[in-house]
Each structure stands twice: as structure tokens, then as C-alpha cells.
Amino acid sequence: MTTDSETVSYYNSEAADAFIEGSATIPPDPLVGYCAETLQQFSKISDVLCVDLGCGFGRQLLDIANKFGANATVVGFEQSPYLLSKADELMHHGRVQLTDGRWIYVNGFTPGEELSDWDNIQLIHGDVLDLESHISSNSVDFINSNCTHLHLGAEDLSDAMNEVYRVLKPEGIMLLRMKTPIGNQTSRTRADGRTEYYYSSEYWQSILESVGFEVIKVQAGDNLDVEYTKTSQFMAIVVRKISL
Ligand SMILES: C[S@@+](CC[C@H](N)C(=O)[O-])C[C@H]1O[C@@H](n2cnc3c(N)ncnc32)[C@H](O)[C@@H]1O
């Protein structure tokens, strides 16, 4: 199936400027640093490959490059050519310009001084259900997915997680941020046309474990989770691919 066409169209249009403006204010995610430290504990790595699935306009690519350091290659993987063009702008200029002319800066990053540190960031256009065309097996150390897989229906989740499992190296780590349902509503189409699906933390954990991951951290309902609507709230799961 993959992401529905209305959601895809939203992210690939100037309407996504509202999403860019809203998400640029989100502070860097402390769990990115936690994952960088955890990875160091379990593997002796020098050349690290990090992939941000559904990177949007690239706001987290800066933080990932920062936390994983100069030895890391960071790949932003995204289905929307419009958002990828904004991510490219961000990597080169440290800010993006909205259609109405306003400049947007990413929370936690001052434009200018760090630009040379972002030479190790690459951008790939693709679908998270088809990593095979772009990323080889057992090649990735860290995967970030921040509210990307929430656009997939239940029938796609196992395939999507199997793909993540395939591309991660043994001991590789994924940080997955999603939304859990508040009450009984398990999906919602927003006024802007995007459809989101809400799965419980237990449901996610059962899928991840059945694929072969070890769950090493679950974070829900604490002060890192911001409740945006009455139907869902954020949660985070960190998993590791168990060595064979
Ligand atoms: C809620 S946004 C989050 C963006 C980014 N991770 C962030 O936190 O700023 C969801 C992102 O996932 C992308 N996306 C949705 N479905 C996708 C798919 N099937 N393959 C690749 N990217 C997808 C969207 O285009 C959008 O950029």
C-alpha cells in the first residue's frame, strides 16, 4: 500500500510550509544522543552510517550529524521532492525560505558556523517500503524515524520494519518516534489532508520483537512527549538488531 496519496501530495506541495514552520521549533531530541552513546557501547565503530527515514526538510539531520560526529555519514531519506529541496537548502545555507519569503531556522542550530560540518549529509529520494533500491543489507548503524511510519496502515508495518531490520548492521539501532492513541481512535485524517495512524506501544513492541529486534528503551507519557491533540500523544521506542 504505502502512504496514501493525499498525505503524499500534502508533503510535496507548498502547503507543507506550515509543517516546516511548526516542526522547526521542536528542540533537538535527547534520544538521538542516547542512541549515539548506546551504539558506542555495543560496537567499536569508526565509519558510521546513519539514515533518517522520512527526514522531511532535514531538521534532524543536523542534530544526528552533530551527535554522531565527523566519522558519520548521515543520509536523509524522503519521499517528497519538495521537502528534499528544502533539506538541500538547509544543508547549504543553514536555513530554508518559505514560499511567502520568510526564513526558517532549525531550533538549536545557528546558521553559518556549523555549515562545514554538514558536508557528510546526503539526501535520497525514495519510499520507506522500498529501501532495497537504495540501501544495502547490513550497512546502517543508526536509523531515525520521527513520525514517518505513523503514515503507514497496519498492513505495511511488518514489511517496513523488516526493511529496517535488513539494512541495519547487527547491533545497529533504530529510534522510532510515533503517536499512541488516547482513547479508542486509531487513525485520523487531519484538516490539511494528512492521515495518521495510532498504534499502542505494546502493538509496536510486538511487531518489532517478531521481526527480530530487542527493545532497549520505551518512553511514553513523560515530559518529552507533547500532547498535541486529544486523540494521540508521542512515544519513542529504541530497538537494537540482535547479532546472529
Ligand atoms: C510528520 S513528517 C516528519 C518529518 C521529519 N521526520 C521530522 O520529524 O521533521 C513525516 C515525513 O515522512 C515522510 N513520509 C511519509 N511517508 C513516507 C514514505 N512512505 N516513504 C518516505 N517518506 C515518507 C513525509 O513526506 C514527511 O516528510
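Residues numbered from 1 in each chain as written. Predicted model: local features only at pLDDT ≥ 70, side-chain atom pairs only at ≥ 80, totals over all residues.

**Description of the overall build of the chain**
What the chain contains, in helices and strands, is seven helices and eleven strands. Taken against the 2.2 N^0.38 rule, which gives 18 Å for 244 residues, the C-alpha radius of gyration of the chain at 17 Å falls within 12% of a compact globule. A principal-axis box enclosing the C-alpha atoms of the chain has dimensions of 50 × 45 × 35 Å. Scored against the burial criterion, the 244 residues of the chain give a buried share of 38%. In the chain, the proportion of contacts linking residues at least 24 apart, taken out of those at least 6 apart, comes to 74%. (Helix = DSSP H or I, 4+ residues; strand = E, 2+ residues; numbered from the N terminus. Rg over C-alpha atoms; globule rule 2.2 N^0.38 Å. Buried ≥ 20, exposed ≤ 12 C-beta atoms within 10 Å, placed from the backbone. Contact = placed C-beta atoms within 7 Å.)

**Remarks on helix H6 (residues 154-167)**
The periodicity of an α-helix, 3.6 residues per turn, causes residues three or four positions apart to be oriented the same way. For H6, the set of buried residues is Ala160, Met161, Glu163, Val164 and Val167. The buried residues of H6 occupy an angular sector of 155° when the element is viewed end-on, so they sit on one face. Here the buried face of H6 lies against strand S6 (140-146), strand S7 (168-181) and helix H7 (201-211). (Arc of directions from axis to C-beta.)

**So, the environment of Gln40**
Inspection of the secondary structure puts Gln40 in helix H3 (residues 30-42). A count of 13 C-beta atoms within 10 Å places Gln40 in the partly exposed class. Put simply, Gln40 and Phe68 are 28 residues apart on the chain and 9.6 Å apart in space, counted from C-alpha to C-alpha.

**Thoughts on the site of the ligand**
Close to the ligand lie 20 residues, the nearest being Thr3, Tyr11, Gly54, Gly56 and Gln79. Tallied by class, residues from the shell around the ligand come to six nonpolar, eleven polar and three charged. (Near = placed C-beta within 6 Å. Nonpolar A, V, L, I, M, F, W, Y, C, P; charged D, E, K, R; others polar.)

**So, the confidence of the model for the chain**
Confidence in the prediction for the chain averages 91 pLDDT; 92% of positions are at 70 or higher. When the criterion is pLDDT under 50, residues 222-227 qualifies, and its contacts beyond four places in sequence or with other chains add up to eight contacts. (pLDDT = per-residue confidence, 0-100.)

**Quick word on the sheet that holds strand S1 (residues 48-53)**
What the seven strands build is an open sheet, ordered S5-S2-S1-S6-S7-S11-S10; its pairing is mixed. A single partner strand is all that each edge strand has here, and the edge strands are strand S5 (121-125) and strand S10 (213-220). On average, each strand axis in the sheet is tilted by 20° relative to the strand beside it, whichever way the strands run. Pairing of S1 with S6, which is carried by four bridges, proceeds in the parallel orientation. Of the residues in S6, the one forming a bridge with Cys50 is Phe142. Relative to strand S2 (residues 72-78), helix H4 (residues 59-68) is tilted by about 160°, and along the sheet it contacts S1, S2, S5 and S6. (Pairing = 2+ DSSP bridges. Axes fitted to C-alpha atoms, helices over the stretch in contact; angles between N-to-C directions.)

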